[in-house]
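# Architecture and fold: a report
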Amino acid sequence: AASPVTGTTVTTEGYVTAVYPAGGFNGLYLQTAGTGGGTSHSGASDGIFIYAASSGIANAVQIGDYVSVTGAVSEYYNLTQVTASSYAKKAPPEGVAVPAAVELEALPGSANERESLEGMLVKITGDMTVTNNYQTNQYGTIGVAMGDEPLRQPTDVLNPTRDGESAVQALEDQN
């Protein structure tokens with residue numbers, strides 16, 4: 001759930017899969033060449049967020065570039081990131097494919113499943129419904145629920161006195 005090299009300086013390289021030069025993210029995502037694809041992924045993630053507020057990298061690269069980044073590893077809101085201190089565009093490795101999205105019918109259910117996909121390209125193939133848009137203007141993110149109905153606050157649907165605290169908790173856990 002957290003990088004074993006937090007606090008150290010590392011060099012990593014990969015393909016740029018997303019760029020956020022302004023706003024709340026101020027960075028980009030890198031993914032290892034030749035990774036992803038298929039309908040599942042286990043083990044360590046092959047993607048990483050590069051925080052780049054002071055390095056300028058987010059204004060210098062675009063999706064599809066291959067770059068090498070050096071910086072300090074940290075955890076920020078339970079997400080591993082590298083704070084870029086230097087970077088260089090490079091030629092990609094010969095004979096290795098660009099990263100592909102892992103295709104999922106549903107969102108990963110467990111923390112370990114989500115962790116294995118952290119920072120990687122994913123493509124959800126099942127139905128989804130927007131259930132929360134609170135962070136859309138600040139971070140460009142939306143909350144989604146699988147299926148054709150939004151998630152509901154448990155106490156909006158159930159009455160703890162009438163239905164019991166355990167029913168309310170069960171719906172909370174399901175959400």
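Details of the structure are given in the entry above.
Per chain, the residues get numbers from 1 upward, laid out in the order the sequence is written. Local features in a predicted model are, by the rule used here, given only for residues with pLDDT of at least 70; side-chain atom pairs are given and counted only at 80 or more, and totals for whole chains, interfaces and linings are based on all residues. The side-chain values count all of the structure's non-hydrogen atoms but skip hydrogen atoms and water molecules.

## Focus: the overall build of the protein
The criterion, for reference: Put simply, DSSP H or I for four residues or longer makes a helix, DSSP E for two residues or longer makes a strand, and each gets a number counted from the N terminus. Type-normalised accessible area, obtained with a 1.4 Å probe on protein chains alone, sets the label of each residue: buried when under 20%, exposed when over 50%, and partly exposed for intermediate values. Here, two residues are considered to be in contact whenever any of their heavy atoms come within 4.5 Å of each other. Just so you know, the count uses Lys and Arg for positive and Asp and Glu for negative, and it drops His and the chain ends. A single reference atom marks each charge: NZ on Lys, CZ on Arg, CG on Asp, CD on Glu.
When you go through the protein residue by residue, the secondary structure sums to six helices and nine strands. The principal-axis extent of the C-alpha atoms belonging to the protein is close to 65 × 35 × 30 Å. For the protein, with 175 residues in total, the buried portion stands at 27%. Restricting the contact set of the protein to residue pairs at least 6 apart, pairs at least 24 apart contribute 54%. Here the protein contributes 6 positively and 18 negatively charged side chains, and the mean placements of these two sets differ by 5 Å.

## Describing the packing of aromatic side chains
Which entries qualify depends on this criterion: Two aromatic rings from Phe, Tyr or Trp, using only the six-membered ring of Trp, form a pair when their centres are within 6.5 Å; if the ring planes differ by under 30 degrees the pair is stacked, by over 60 it is edge-to-face, and anything between is tilted.
With the rule as written, the count across this model stands at seven aromatic pairs. Taken together, the aromatic side chains of Tyr20, Phe25, Tyr29, Phe49 and Tyr139 make up a single cluster linked through ring pairs.

## A look at the nonpolar core
Note the cut-off: Only buried Ala, Val, Leu, Ile, Met, Phe, Trp, Tyr and Cys residues count toward a nonpolar core, and they belong to the same one when joined by side-chain atoms within 4.5 Å.
Ranked by size, the top nonpolar core spans 14 residues in total, and within it Leu28, Leu30, Ile50, Ile57 and Val69 carry the most contacts. Within the residue set of this core, elements represented by two or more residues are strand S2 (27–31), strand S3 (47–51), helix H1 (57–60), strand S4 (66–76) and strand S5 (79–89). Sorting elements by how many residues they give to this core places S4 first, with three residues. Leave out the neighbours within four places in its chain, and Ile57 touches Leu28, Ala52, Val69, Ala84 and Tyr87.

## A closer look at the side chain of Thr80
Rules: In protein, a polar contact requires one atom able to donate a hydrogen and another able to accept it; more generally it is a pair of N or O atoms within 3.5 Å, and residues adjacent in sequence count only if both atoms are side-chain atoms.
Along the polypeptide, Thr80 turns up in strand S5. For Thr80, the side chain forms a polar contact with the side chain of Glu75, separated by 2.6 Å.

## Some remarks on the sheet that holds S5
Short version of the rule: Each pair of strands is called paired provided DSSP finds at least two bridges between the two strands. For helices, the axis comes from a line fit to the C-alpha atoms of the stretch in contact; other axes are also lines fit to C-alpha atoms, and the angle between any two N-to-C directions lies between 0 and 180 degrees.
Strand order in the closed barrel formed by five strands is S1-S2-S3-S5-S4, with mixed pairing between adjacent strands. Taking the axes of each pair of neighbouring strands and ignoring which way they run, one obtains an average angle of 55° across the sheet. Across 10 bridges, S4 lies against S5 in antiparallel orientation. The residue of S5 that forms the bridge with Ala72 is Thr83.

## Comments concerning a nonpolar patch on the surface
Threshold: Excluding any residue in a salt bridge, patches collect residues exceeding 30% relative accessible area, merging like charges within 9 Å and nonpolar Val, Leu, Ile, Met, Phe, Trp and Tyr side chains within 5 Å. Using the Shrake-Rupley algorithm and a 1.4 Å probe, accessible areas are obtained, with residue cover drawn only from the displayed protein chains. Definition used for salt bridges: Asp or Glu carboxyl oxygen within 4 Å of a side-chain nitrogen of Lys or Arg.
On the surface, a nonpolar cluster with roughly 230 Å² of combined accessible area is contributed by Leu107, Met128 and Met146. Its place among the elements puts Met146 in strand S9 (residues 143–146).

## So, the pattern of salt bridges
Summed over all chains, the structure comprises four salt bridges. With a shortest N-O distance of 2.8 Å, Arg162 and Asp163 are connected by a salt bridge. Overall, the relative accessible area of 58% leaves Arg162 in the exposed class. A residue is classified by how much of its surface remains accessible, and Asp163, at 28% relative accessible area, is partly exposed.

## So, the pairing of S2
Within S2, five of the five residues are buried, which leaves it mostly tucked inside the rest of the structure. Judged from the five bridges that link them, strand S1 (residues 9–20) and S2 form a sheet pairing that is antiparallel. The residue bridging Ala18 from the neighbouring strand is Tyr29, located in S2. From the end of S1 to the start of S2, which pair antiparallel, there are six residues, and Gly23 there has a positive phi angle of about 90°. Pairing between S2 and S3: five bridges, direction antiparallel. Bridging from a neighbouring strand, Leu28 pairs with Ile50 of S3.

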